[in-house]
Amino acid sequence: KKFNLNTYKFHAMGDYMRTIRFFGTTDSFTTQIGELAHRALKAYYPLTSKTDTPAQLAKHECRHCVLQWLAAGAIILSTSQSPDEVPPPGKRYHIAMSQNQPVSLFRLLRESNNDPALKKFIPKLKDHILYRLQNLDVSYCDHIFTDEDRHSVIIPNNTIYSIHTMQVHYTTYDMRREYDTINPRTYANVMVLSGETNPNHPYWYACILGIYHMETWLNNGGQPVKHHLEVLWVRWLAPLWNNKSGMKHARLPKVAFVEESDTDAFRFLDPGQVIQGVYLIPAFASGHGVSSLCHGKSLARPGGELDNWEAYYVRMRVNLFSSISSINL
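Computed from a prediction, not measured in an experiment: that's the story for all the values here. Per chain, residues are indexed from 1 in the order of the written sequence. A pLDDT threshold of at least 70 governs which residues receive local features in this predicted model, and a stricter bar of 80 or more applies before side-chain atom pairs are shown or counted, although totals over entire chains, interfaces and linings include all residues. Working from all heavy atoms in the structure, the side-chain values ignore hydrogens and water.

What to know about the nonpolar core
Thinking step 1. We call a set of buried residues a nonpolar core when its members are Ala, Val, Leu, Ile, Met, Phe, Trp, Tyr or Cys and they connect through side-chain atoms within 4.5 Å of each other. Here's how the labels work: a residue is buried when its accessible area is under 20% of the maximum for its type, exposed when over 50%, partly exposed in between, all with a 1.4 Å probe on protein chains only. By size, the foremost hydrophobic cluster in this structure holds 58 residues, and its most contacted members are Met166 and Trp233.
Thinking step 2. Here this core takes ten residues from strand 8 (residues 203-218), the largest share from any one element.
Thinking step 3. Contacts are residue-level and defined by heavy atoms, with any inter-residue pair within 4.5 Å sufficient. Trp233 has contacts with Ala117, Leu118, Phe121, Cys207, Ile208, Leu209, Gly210, Tyr212, Phe266, Arg267, Phe268 and Leu299, leaving out every residue within four places of it along the chain. Strands here mean DSSP runs of E at least two residues long; helices mean DSSP runs of H or I at least four residues long; both are numbered from the N terminus.

The structure is reproduced here in structure tokens:
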């Protein structure tokens, strides 16, 4: 067929932008759904008496849906999934409430006494709990708590509970719901919004070292109130200021671990602050090194590694790329 401008598709091109904004991207919908639905009605047609056909087709369709619903209910019951394992609707993240892996805080510190990753582990944990329970802004963490404030935090038996994974739910650029499964042993890097007032880079990055939940009380002179908290133990990465990145420079953002001498190199993070997981690409040209952590074997290096890559590149997704580009432009 010869090329011509008289076909409808060329005249509809002007409406593509408005249609995408209204319905979503063109890969979000398809005509196959309607075609398959039409095929299902054709399958039901021989089962009717050809009298009042629409009503009989509707009854067959309704009966088929009820049977599917019953079958799905039987599958759910057979899996014996506990209600705690089902993420509540509308929550940004999901962490299981299992208590199969208790962690004694004092035993943890005793077994890794010289590990710089555990320096002031309990005071930092209690500071984070105070921030959360007093509804302070955890993005800045500029408030200084006294030892008396920390003594008001009660953790029963000084025990917290470790969890293997967490799910972070987010909305993609084409308005779909997705989630990342964060595992400290395999896929541990996440991104959060920068807490700086005028950031040069819109995000902060962290490597999750542990996922915990605990029961805690706050004894501030009145009746102690029980709270349940979920926390992430993280090692922070910082952008390299001498690296120019973004759309203007056609380069990926470059980050490196914060040095162990910085008191904020290892901290606790509210899981609700996590936007999504992020993939860090080792900067091979920078090589391995111990400039950020000189201890050797450490809980901050899963798998028994003795060093880290000196720097990493942040692999950008569509929404991350657009946010960084807007700041750089």
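Quick word on a nonpolar patch on the surface
Thinking step 1. On the surface, a nonpolar cluster with roughly 380 Å² of combined accessible area is contributed by Phe10, Met13, Tyr16 and Ile20.
Thinking step 2. As for its position among the elements, Phe10 is in helix 1 (residues 8-11). Note on patches: the residues involved have over 30% relative accessible area and no salt bridge, like charges join within 9 Å, and the nonpolar side chains Val, Leu, Ile, Met, Phe, Trp and Tyr join within 5 Å. Computed by Shrake-Rupley with a 1.4 Å probe, the accessible areas treat only the displayed protein chains as cover when residues are assessed. When a carboxyl oxygen of Asp or Glu is within 4 Å of a side-chain nitrogen of Lys or Arg, the pair counts as a salt bridge.

So, helix 6 (residues 121-133)
Thinking step 1. With 13 residues, helix 6 extends 18 Å between its outermost C-alpha atoms, agreeing within 8% with the 18 Å of an ideal straight helix rising 1.5 Å per residue.
Thinking step 2. Buried residues dominate helix 6, accounting for twelve of its 13 residues.
Thinking step 3. Of all the residues in helix 6, the buried ones are Phe121, Ile122, Lys124, Leu125, Lys126, Asp127, His128, Ile129, Leu130, Tyr131, Arg132 and Leu133.
Thinking step 4. Next to the buried residues of helix 6 lie helix 5 (105-111), helix 7 (147-151), strand 3 (153-154), strand 8, strand 9 (225-239) and strand 11 (266-269).
Thinking step 5. Residue Asn135 follows helix 6 closely and has a positive phi angle near 55°. The span one expects for a helix is its residue count, reduced by one, times 1.5 Å.

A look at the environment of Lys59
Thinking step 1. Here Lys59 shows up in helix 4 (residues 53-79).
Thinking step 2. Judged by relative accessible area, Lys59 falls into the exposed class, the value being 57%.
Thinking step 3. In the structure, Lys59 is positioned 15 residues away from Tyr44 in sequence and 9.9 Å away in space, judged by C-alpha atoms.

Quick word on the pattern of salt bridges
Thinking step 1. Taken as a whole and judged by the stated rule, the model has four salt bridges.
Thinking step 2. In this structure, Arg132 engages Asp270 in a salt bridge whose closest nitrogen and oxygen atoms are separated by 3.6 Å. Pair noted here: Arg132 is in helix 6 and Asp270 is in the loop between strand 11 and strand 12 (274-277), with a separation of 138 residues, a long-range link.
Thinking step 3. Residues Asp264 and Arg267 are paired through a salt bridge, measuring 2.9 Å at the closest nitrogen-oxygen approach.
Thinking step 4. Each of Asp127, Asp147 and Arg150 takes part in salt bridges that share partners, so that together they form one network.

A short note on the packing of aromatic side chains
Thinking step 1. To pair, rings of Phe, Tyr and Trp, with the six-membered ring standing in for Trp, must have centres within 6.5 Å; the planes then decide the type, stacked if under 30 degrees apart, edge-to-face if over 60, and tilted in the middle. One pass over the full model with this rule turns up six aromatic pairs.
Thinking step 2. Ring plane angle 75° and centroid distance 5.9 Å describe the contact between Trp204 and Trp236, whose orientation is recorded as edge-to-face. In this pair, Trp204 is assigned in strand 8 and Trp236 in strand 9, connecting sequence segments 32 residues apart.
Thinking step 3. For Trp204, a relative accessible area of 26% corresponds to the partly exposed category.
Thinking step 4. In this structure Trp236 comes out as buried when scored by relative accessible area, which is 14%.
Thinking step 5. A ring pair is formed by Phe284 and Trp309, whose centres lie 5.1 Å apart and whose planes are at 85°; its orientation type is edge-to-face.

Quick word on the confidence of the model for the chain
Thinking step 1. How sure the predictor is of each residue is captured by pLDDT, a score from 0 to 100. The predicted model of the chain averages 82 in pLDDT, with 87% of residues at 70 or higher.
Thinking step 2. Predicted confidence in the chain is weakest over helix 8 (residues 318-328), with a mean pLDDT of 49, and strongest over strand 4 (residues 159-163), with 95.
Thinking step 3. For residues 75-86, every residue scores under 50 in pLDDT, and the model assigns this stretch six contacts once sequence neighbours within four places are set aside.
Thinking step 4. This model gives residues 325-329 a pLDDT under 50, and the stretch forms nine contacts once residues within four places in sequence are excluded.

Re the side chain of Arg235
Thinking step 1. Mapped onto the elements of the fold, Arg235 is located in strand 9.
Thinking step 2. The convention is simple: Lys and Arg are positive, Asp and Glu are negative, and His and the chain ends are not counted. Although Arg235 is buried, it makes no salt bridge; Glu260 carries the closest opposite charge, 7.4 Å away.
Thinking step 3. In this structure Arg235 touches Ala206, Cys207, Leu209, Phe257, Ala265, Phe266, Ser292, Leu293, Ala300 and Asn308, once residues within four positions along its chain are discounted.

Topic: unusual backbone geometry
Thinking step 1. The backbone of Lys120 shows a phi angle near 55°, a positive value even though the residue is not glycine.
Thinking step 2. Position of Lys120 among the secondary structure elements: in the loop between helix 5 and helix 6.
Thinking step 3. The phi torsion at Asn135 lies on the positive side, around 55°, for a residue other than glycine.
Thinking step 4. Here Asn135 lies in the loop between helix 6 and helix 7.
Thinking step 5. The class for Asn135 is exposed, based on a relative accessible area of 70%.

A short note on the environment of Arg21
Thinking step 1. Tracing the backbone shows Arg21 in helix 2 (residues 16-23).
Thinking step 2. Through-space distance from the C-alpha of Arg21 to that of Asp174 is 9.7 Å; in sequence the pair is 153 residues apart.

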